[in-house]
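# Examining the three-dimensional arrangement
Next come the chains, spelled out residue by residue.
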Amino acid sequence: MCSFLLKRMDWNESEQIIFYIFLSMSFKTKITFEYSHLQIGIDANHIKLPNTATEAEVSDLCITALNENPAVHGFIVQLPLDSNKPINTEKITNAVAPEKDVDGLSSINAGKLSRGDLGDCFIPCTPKGCMELIRQTGKELTYLLKTNGSSDIEISRSYMPKPIGQLAKEIGLISEEVELYGQTKAKVLLSALKRLKDKPDGKYVVVTGITPTPLGEGKSTTTMGLAQALGAHLHQNVFACVRQPSQGPTFGIKGGAAGGGYSQVIPMEEFNLHLTGDIHAITAASNLVAAAIDARIFHELTQTDQALYTRLVPLINGIRQFSDIQIRRLQKLGIRKMEPTTLTEEEMHKFVRLDIDPTTITWQRVLDTNDRFLRSITIGQSPTEKGFSRTAQFDITVASEIMAVLALTDGLEDMRRRLGRMVVASSKTGEPVTTDDLGVTGALTVLMKDAIKPNLMQTLEGTPVFVHAGPFANIAHGNSSVLADKIALKLVGQEGFVVTEAGFGADIGMEKFFNIKCRYSGLQPHVVVLVATVRALKMHGGGPTVSAGVPLPKEYTEENLQLLANGCSNLSKQIQNARIFGIPVVVAVNVFKTDTEAELDLVAQMAKEAGAFNAVKCTHWAEGGKGALALAQAVQRASQAPSHFKFLYNVELPVMDKIRIIAQQIYGADDIELFPEAEQKIILYTKQGFGNLPICMAKTHLSLSHDPERKGVPKGFVLPIRDVRASVGAGFLYPLIGTMSTMPGLPTRPCFYDIDLDPVTEEVNGLF
């Protein structure tokens, strides 16, 4: 039996009778109607509905009537477990108007309560009592949870995210622009960008960091904390835009990438595992290309020109017709014929023979798992392949060029063009062979048609987050998608903020953000936020190495100003790197409990001396947006400061010059050294017409140099360029520096040891 308790002040007897009759007629059965006068001056009625009442009858008839009756000041809905009809309890509680929700169960009330908007919501008795008990302890809630060992995932689960459809409405999206994936995530259609195209953009903020160390810097956590501070505490329109994490690190050594503590994306399990399947789509598309390459080589080796032509342009109902993609290939070859029967033998030969040189194949199969044993493999060993075998390899999926295409495209048509011009190999005459030549472009576009839509989620404090694309920053450009940023900038409006994160340190992710992402998007950033920690800076200053599972050496837990001052050289260099691009820099010092005030003051002082606009202490891991309030205010001020954005180099410069500029000005190298293979590739790509593409350096993220062991600011080194590859569809050349691997391996004890599923609650345990 469903029942209602009405809180009313001024119903007269006739109004009660009318409402009673209305309910009886609506449900065509007897309704128990109890009435009492309370001593505190509130009249309360208890309305009991039969257990045959349907969800529609309860919601549309009864609750709607109570919502619209001005004499009813508030009511509580009690839903039974023994109803004869299936009832969606969340739908029922959300049907209650927020201003009449005296049980505090609607998503709006619960969301305000979780964000701390206590003056603008009804606090139910149980939370109110808990808050009072916590207040009487004299301790902050965050302190109590931390001292009781609450992990990131436990904190994530302690918050109830608002329904994603409701969040979409709050940020200005219309229902036709949103595809729900359950209650906590959604995809946003690109039609939103078209609708908002004339709206001015908001402020564009990029979060980067010092050179990473095993001690961690907290870029993702800072991104979320800053967004929460700007939104929930400074009441600005704000969006965070971040990359989707790879399952390689999630199950390997790094763990998830949702942020941490009280500054994270929720639910973190959804964020870190599968999300909406974008990476799976990229895996499928990439491997389709790889299969097409080897199949085409095989068929060309085993068939005559006529046999190939007969199969490539088959008779259908007695007629041969070129497909659209075959017409594009003919045009590329300079053949203007549309009738298949009119091709000469020479034209037929040119059409059917891609003549791929197997030694030039640059396209690899991919897998979103760390698997060192796939770094070099032999394929084609089955007898059915008739002796055609070759050495190949797997890359991790997020290093695929298709991921980079997804991150840099500005629309569906542009994505199809980029997918079609991806170069997979060269012919034996040195001509580039593309996916369009293979005939696979349309199929790739179909596989990627949903992945192109940004994924909408939220932070603990209800701040909207776009999670989209995820290329590795040490291999690809390491930034989330242009599309997500563009839609977010329109949604926040001219005075709002979009906070995006660049992968790894400023020498890698930030440099590529400016020189590649901003070059293609046309967007100009307003502020750089550079994240640092005292502990990581001490390691750059010469601190001892750390080992997993072993207590930190005392150098990292006790005050050591000299070690810290030495390490601040890395911070100063990364500030200078950001200022090369003409953008104000705000340093966010991510505070740990072992940091002393003297150490924190020293970092701030040295940051300002190096040219930072400001340097502020942040405690957002423990306090959420409140802990990043000073950072948010500094970012607001910096966004108003003059900026003179410029690229580091002109793309028309020779390839070698562009590489040298990055090596010398960003890394601090004396010069570069080209290995013979790299030199030959530069000559080839320049000849093929790709010499004017920007450069995406594939380099270790653990040092400004090519040697991961060299911390701080290395001097006197020459940067070795062992190879150069082309991502023509994405739109860059990427030199391989040192022994850069595109397929990570698993450590001795991977993260998956701790990950499991509770069979009763179906909760994922062990993520962090």
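Residues numbered from 1 in each chain as written. Predicted model: local features only at pLDDT ≥ 70, side-chain atom pairs only at ≥ 80, totals over all residues. Heavy atoms only, no water.

### Some thoughts on the packing of helix α25 (residues 561–579) against helix α26 (residues 597–609)
How two helices sit against one another is set out by the angle between their axes and by the gap between those axes. The N-to-C vectors of α25 and α26 enclose an angle of 35 degrees; their axes lie 9 Å apart at closest approach. Here α25 and α26 pass one another in a crossing that is right-handed. In this structure, α25 contributes Leu561, Leu564, Ala565, Cys568, Leu571, Ser572 and Ile575 to the contact, and α26 contributes Ala598, Glu599, Leu602, Val603, Met606 and Ala607. Of the residues contributing to the contact of α25 with α26, the split by class is 11 nonpolar, 1 polar and 1 charged. (Axes fitted to C-alpha atoms, helices over the stretch in contact; angles between N-to-C directions. Helix = DSSP H or I, 4+ residues; strand = E, 2+ residues; numbered from the N terminus. Left-handed = near helix turned anticlockwise from the far one by under 90°. Contact = heavy atoms within 4.5 Å. Nonpolar A, V, L, I, M, F, W, Y, C, P; charged D, E, K, R; others polar.)

### Things to note about the packing of helix α14 (residues 305–312) against helix α16 (residues 345–352)
As a packed pair, α14 and α16 sit with axes 9 Å apart at the nearest point and diverge in direction by 65 degrees. With respect to α16, the element α14 is oriented roughly perpendicular. Seen from above, α14 lies across α16 with left-handed handedness. Each of Asp305, Gln306, Leu308, Tyr309 and Leu312 in α14 lies in contact with α16, whose residues at this interface are Met348, His349, Phe351 and Val352. Tallied by class, the residues present in the contact of α14 with α16 amount to 6 nonpolar, 2 polar and 1 charged. (Parallel < 35°, antiparallel > 145°, perpendicular 65-115°, else oblique.)

### Observations regarding α16
Listed in full, the buried residues belonging to α16 are Glu347, Met348, Phe351 and Val352. Taken around the axis of α16, the buried residues stretch over an arc of 120 degrees, which confines them to a single face. Exposed and oriented more than 90 degrees from the buried face of α16 are Glu345 and Glu346. Contacts from the buried residues of α16 go to α13 (278–302), α14 and α15 (324–332). (Buried < 20%, exposed > 50% of the residue type's maximum accessible area, 1.4 Å probe, protein only. Arc of directions from axis to C-beta.)

### Side note on the packing of aromatic side chains
The full count for this structure, using the stated rule, is 9 aromatic pairs. Between Tyr309 and Phe351, the ring centres sit 6.0 Å apart and the planes meet at 75 degrees, which makes this aromatic pair edge-to-face. Of this pair, Tyr309 sits in helix α14 while Phe351 is found in helix α16, placing the two residues 42 residues apart along the sequence. Grouped by ring-pair contacts, the aromatic residues Tyr204, Phe513, Phe514, Phe581, Phe645 and Phe647 constitute a single cluster. Over the face of the ring belonging to Tyr520 we find Arg418, whose NZ or CZ atom lies 5.0 Å from the ring centre. Arg535 extends its terminal NZ or CZ atom over the ring of Phe592, reaching a point 3.9 Å from the ring centre. (Phe/Tyr/Trp six-rings, centres within 6.5 Å; stacked < 30°, edge-to-face > 60°. Lys NZ or Arg CZ within 6 Å of the ring centre and 35° of its normal.)

### Concerning the pairing of strand β8 (residues 238–242)
Counting buried residues in β8 gives 5 out of 5 residues, a clear majority hidden from the surface. Residues Val238, Ala240 and Val242 line one face of β8 and the alternating positions Phe239 and Cys241 line the opposite face, and both faces are buried. As judged from the 3 bridges shared by β8 and strand β20 (residues 464–467), these two strands associate in the parallel manner. Note that in β20 the partner of Val242 across the bridge is Val467. (Pairing = 2+ DSSP bridges.)

### Overview of the pairing of strand β23 (residues 585–590)
Among the 6 residues in β23, 6 count as buried, and that is most of the element. Residue alternation in β23 divides its side chains into two sets, Val585, Val587 and Val589 and Val586, Ala588 and Asn590, and both sets are buried. The pairing of strand β22 (residues 527–532) with β23 spans 5 bridges and is classified as parallel. Bridge pairing in β23 places Ala532 opposite Val589. Sheet topology places β23 next to strand β24 (residues 614–618); 5 bridges connect them, and they run parallel. Residue Val589 lies in a different strand from β24, and its bridge partner there is Lys617. In this fold, β23 hands off to α26, which returns the chain to β24; that crossover is right-handed. (Right-handed = clockwise from strand over helix to strand, strands pointing away.)

### A word on the confidence of the model for the protein
Overall, the prediction assigns the protein a mean pLDDT of 88, with 87% of residues at 70 or greater. Low confidence marks residues 22–30, where pLDDT is under 50. Its contacts with residues over four positions away, or in another chain, come to 16 contacts. (pLDDT = per-residue confidence, 0-100.)

### With respect to the pattern of salt bridges
Considering all chains together, one arrives at 31 salt bridges under this definition. For Glu597, the salt bridge is made with Lys617, and the minimal N-O distance between the two is 3.0 Å. Here Glu597, found in helix α26, pairs with Lys617, found in strand β24; they are 20 residues apart in sequence, far enough to count as distant. Accessibility expressed as a relative area gives 47% for Glu597, which makes it partly exposed. Several salt bridges share partner residues, and in doing so they unite Glu413, Asp414, Arg416, Arg417 and Arg418 into one network. (Salt bridge = Lys/Arg side-chain N within 4 Å of Asp/Glu carboxyl O.)

### Focus: unusual backbone geometry
Residue Pro267 is reached from Ile266 by a cis peptide bond, and omega for that bond is -10 degrees. In this structure, His235 is a non-glycine residue whose phi angle is positive, near 60 degrees. Within the secondary structure, His235 sits in the loop between α10 (219–233) and β8. For His235, a relative accessible area of 64% puts it in the exposed group.

### Some remarks on the nonpolar core
Membership of the largest hydrophobic core comes to 141 residues, with the highest contact counts inside it found for Leu456, Phe514, Leu571 and Leu719. Those residues within four positions of Phe514 in sequence are excluded, and the remaining contacts are Val206, Arg519, Pro525, Val528, Phe581, Ile583, Phe645 and Phe647. Counting residues in hydrophobic clusters, the runner-up holds 39 residues, among them Leu226, Leu230, Ala588 and Ile755. (Core = buried A, V, L, I, M, F, W, Y, C linked by side-chain atoms within 4.5 Å.)

### Overview of the side chain of Thr397
The topology assignment puts Thr397 in the loop between β16 (394–396) and α17 (401–408). Side chain to side chain, Thr397 and Thr283 meet in a polar contact 2.9 Å long. Excluding residues within four positions of it along the chain, Thr397 makes contact with Ile279, Ile282, Thr283, Val366, Leu367, Asp368 and Met403. (Polar contact = N/O pair within 3.5 Å; in protein donor to acceptor, adjacent residues only side chain to side chain.)

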